[in-house]
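Structural overview
The residues making up each chain are set out below.
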Amino acid sequence: MFHLSRTTKWALGLVAAAILTLMYAPLLLVMANSFNDAQISSWPIESFSLRWWERAIESQAILDALWVSVLTALGATAIALVLGSLAALALQRYSFFGKNAVNLLIILPIALPGIVTGVALNNTYKNILEPIGIHVGFFGLIVGHATFCVVMVFNNVQARLGRMNPRLEEASNDMGAGLWTTFRRVTFPGFRTAFAAGGLLAFALSFDEIVVSIFTAPPGVETLPLWMLNNMARPNQQSLLNVVATVIIIVSMVPVYLSQRLSRDVSAN
Amino acid sequence: MRSPTTLTPSPAEVGAVPGSGLAISLRGVSKHFGETVAVRDLDLDIARGELFSMLGPSGSGKTTMLRLIAGFERPTSGRILLGGTDVTHKAPFDRDVNTVFQDYALFPHMSVADNVGYGLSVRRVPRVERRRLVREALERVRLEQFTARLPSQLSGGQRQRVALARALVLRPTVLLLDEPLGALDRKLREQMQIELKEIQRAVGITFVLVTHDQDEALTMSDRVAVFHEGQIEQVGPPAEVYERPATSFVAGFLGAANIIEADQAADLFGRPELLSIRPEKLRVVQERDVVDAIAVSGVVAEVVYSGPATTYIVEVRPGLTLMATRPSAEGAAHVSAPQRGDVVQVTCAAADLYPIPSNTP
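Residues numbered from 1 in each chain as written. Chains lettered and ligands numbered in written order. Predicted model: local features only at pLDDT ≥ 70, side-chain atom pairs only at ≥ 80, totals over all residues. Heavy atoms only, no water.

Many descriptions give the size of an interface as the accessible area lost when the pieces come together. Facing the 18 residues of chain A at the interface are 23 residues of chain B. Summing both sides of the interface, chain A and chain B together bury roughly 1800 Å²; the carbon and sulfur share of this comes to 58%. Looking at the side of chain A facing chain B, the largest losses of area belong to A:D174, A:M175 and A:R185, adding up to 41% of the total buried there. As a salt-bridge pair, A:E170 and B:R67 come within 2.6 Å of each other at their nearest N and O atoms. Between chain A and chain B we count nine residue pairs in polar contact (both at pLDDT 80 or more) in total. Counting residues per element, the ones that place at least two in the side of chain A that touches chain B are α7 (166-174) and α8 (179-207) of chain A. (Contact = heavy atoms within 4.5 Å. Buried area = accessible area lost by both parts, 1.4 Å probe. Salt bridge = Lys/Arg side-chain N within 4 Å of Asp/Glu carboxyl O. Polar contact = N/O pair within 3.5 Å; in protein donor to acceptor, adjacent residues only side chain to side chain. Helix = DSSP H or I, 4+ residues; strand = E, 2+ residues; numbered from the N terminus.)

Within a sheet, neighbouring strands are paired by backbone hydrogen bonds and run either parallel or antiparallel to one another. Residues and elements named next belong to chain B. Taken together, the six strands give an open sheet; going across it, the order is β6-β7-β8-β3-β9-β10, and neighbouring strands pair in mixed fashion. In the strand order of this sheet, the two ends are held by β6 (97-100) and β10 (231-236), each with one partner. Averaged over all adjacent pairs, the angle separating strand axes in this sheet is 20 degrees, with direction ignored. Judged from the five bridges that link them, strand β3 (residues 51-55) and strand β8 (residues 206-211) form a sheet pairing that is parallel. Residue pairing across strands places L51 opposite F207, the latter belonging to β8. Along the sheet, helix α6 (residues 156-168) contacts β6, β7 (174-178) and β8; its crossing angle with β6, the most-contacted strand, is approximately 175 degrees. (Pairing = 2+ DSSP bridges. Axes fitted to C-alpha atoms, helices over the stretch in contact; angles between N-to-C directions.)

What follows covers the packing of helix α5 (residues 114-129) of chain A against helix α6 (residues 138-163) of chain A. Residue and element names in this part refer to chain A. At a minimum axis distance of 11 Å, the contact between α5 and α6 shows a crossing angle of 145 degrees. At the point where α5 passes α6, the crossing takes the right-handed sense. Residues T117, L121 and Y125 of α5 form the contact with α6, whose participating residues are G140, V143, G144 and T147. Split into classes, the residues belonging to the contact of α5 with α6 amount to three nonpolar, four polar and no charged. (Left-handed = near helix turned anticlockwise from the far one by under 90°. Nonpolar A, V, L, I, M, F, W, Y, C, P; charged D, E, K, R; others polar.)

Residues and elements named next belong to chain B. The strand order β11-β12-β18 describes an open sheet built from three strands, whose pairing is antiparallel. Edge positions in the sheet fall to β11 (258-260) and β18 (354-355), since each has one partner strand and no second. With two bridges connecting them, strand β12 (residues 275-277) and β18 associate as antiparallel partners. Residue S276 lies in a different strand from β18, and its bridge partner there is Y354. Strands β11 and β12 of the sheet are contacted by helix α11 (residues 262-269), whose axis makes an angle of about 95 degrees with β11.

Let us look at the environment of B:A38. Residues and elements named next belong to chain B. Tracing the sequence through the fold places A38 in strand β2 (residues 36-47). Distance in space between the C-alpha atoms of A38 and S60 is 7.2 Å, their sequence separation being 22 residues. Apart from the residues within four sequence positions on either side, A38 is in contact with K31, F33, S60, G61, T64 and G230.

This is the structure we're talking about:
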């Protein structure tokens, strides 16, 4: 590392502080305004109250949307955990024809714009599956989210497997354990924190996703971000929007924080 | 060489080995990795209760051979028999063989006791019995007070002993050890060599040890196989392999050796054949005091003092040097000890000049 002079350190510190403030001040403003008693958000806040939080809890539409978001995130995370881990195991432990291509195809959805994934899935659901009598419904939304959630689990688990000593599995084999016992007692314990970290990221990613949701949510089904989008234009809902936004921020942030801690604990070991 | 007699242990070589019969038989075993031939048409028999070493430089095929016996690799051709049963196509967990890995491969998330008890628990040995066996195994390697520790809380030597206990607790007929002492520092390694040998004698299990360390192989083994480019150059008891190397590779790999080409041997000793002589068999004297059978005069080119011994490098012909080692006990620092530049006589008994039978295995 370079040794930085005192002035450089101060200057860099100031720049960093300014950038972080610019990034987070608007979010903090939204969170603070959710406690603003006024009908129209204004600054500075004149009186605080939990009025809008109470209104939000009483709103059936918001509660429904919250429930949809949680279910979608849990479903997408469950799919991601299973498929992401299996894919990571296959690509990390075996070599087969087209391995690199498969690797790329798994990671690609994270780079694809949500609108592309969304439109593509929407077309498939409406123009291919429905004509042959398959109505994906709510499951279509979950699958849409799973496409990018898989990447989170896959990346985390694959990186961990790459650092695991392959002799551990051989040792287990050597001592009489077959494939399944070895997976259950040696391989999985070896990557379970990466598994959990990937799952938490997947949950957070799904919970605040909107673009894919727009195109894959069945009619009448709203996730929390969708509810926000649909109520943006209504001026009297603005304070409620602040409440919902605050909920989304917190529910997305906590898993990301936990996931970071999980990954750090292991690397410190 | 490669006559079948040197590959199969004679009763005399196997000696007072407990049990009888063969633990391992390899028949024409080859292993190819793509274009690379790791093991080439190998035949070998290892007797029950033997401590057998596979010695060779890295890439000589010894580790591949060990992994073939363990079942982690399948041979490209040939058969592997354990205790007379063909296991060529059996999975590692179906073979009565256990392995001590080079990096020990201890399960990092399990305690010492759980590591050692793993194989027993996989085989559904009842808990009480399992505890007893784990305790016995840990006592044998003197780690009974470390049962609750995690591998990360142990020293290298302790980890090595856990790995040993973990494999031994299953009482395999064959224990494979892949460079088991390679990661330890020298002092600990020498101590563990003796300890391993004692444990092997106590449990009576066939040990097959892979090593690139010739001292380790010579010190510990009942028999040594010297690997070179996927083939075995020589098999035999340490003394035989050391004293009567079958090829110049074996002579050069096992300790220091003066290898003298046939034309030079004819010139120096009047014997036109490939000769090998160990430096400790050569004496360097100022004047020919005893009537030795053979003496060559030369100039001391270098004197290398290494504690227990001093090595003299003597130029006997332009460009041709011989190495001679004199134990320090004989008084290397003595006034009469030859110095660099001295004209000396290099002498030995005629019987110590060993003709290498062949240069190609």
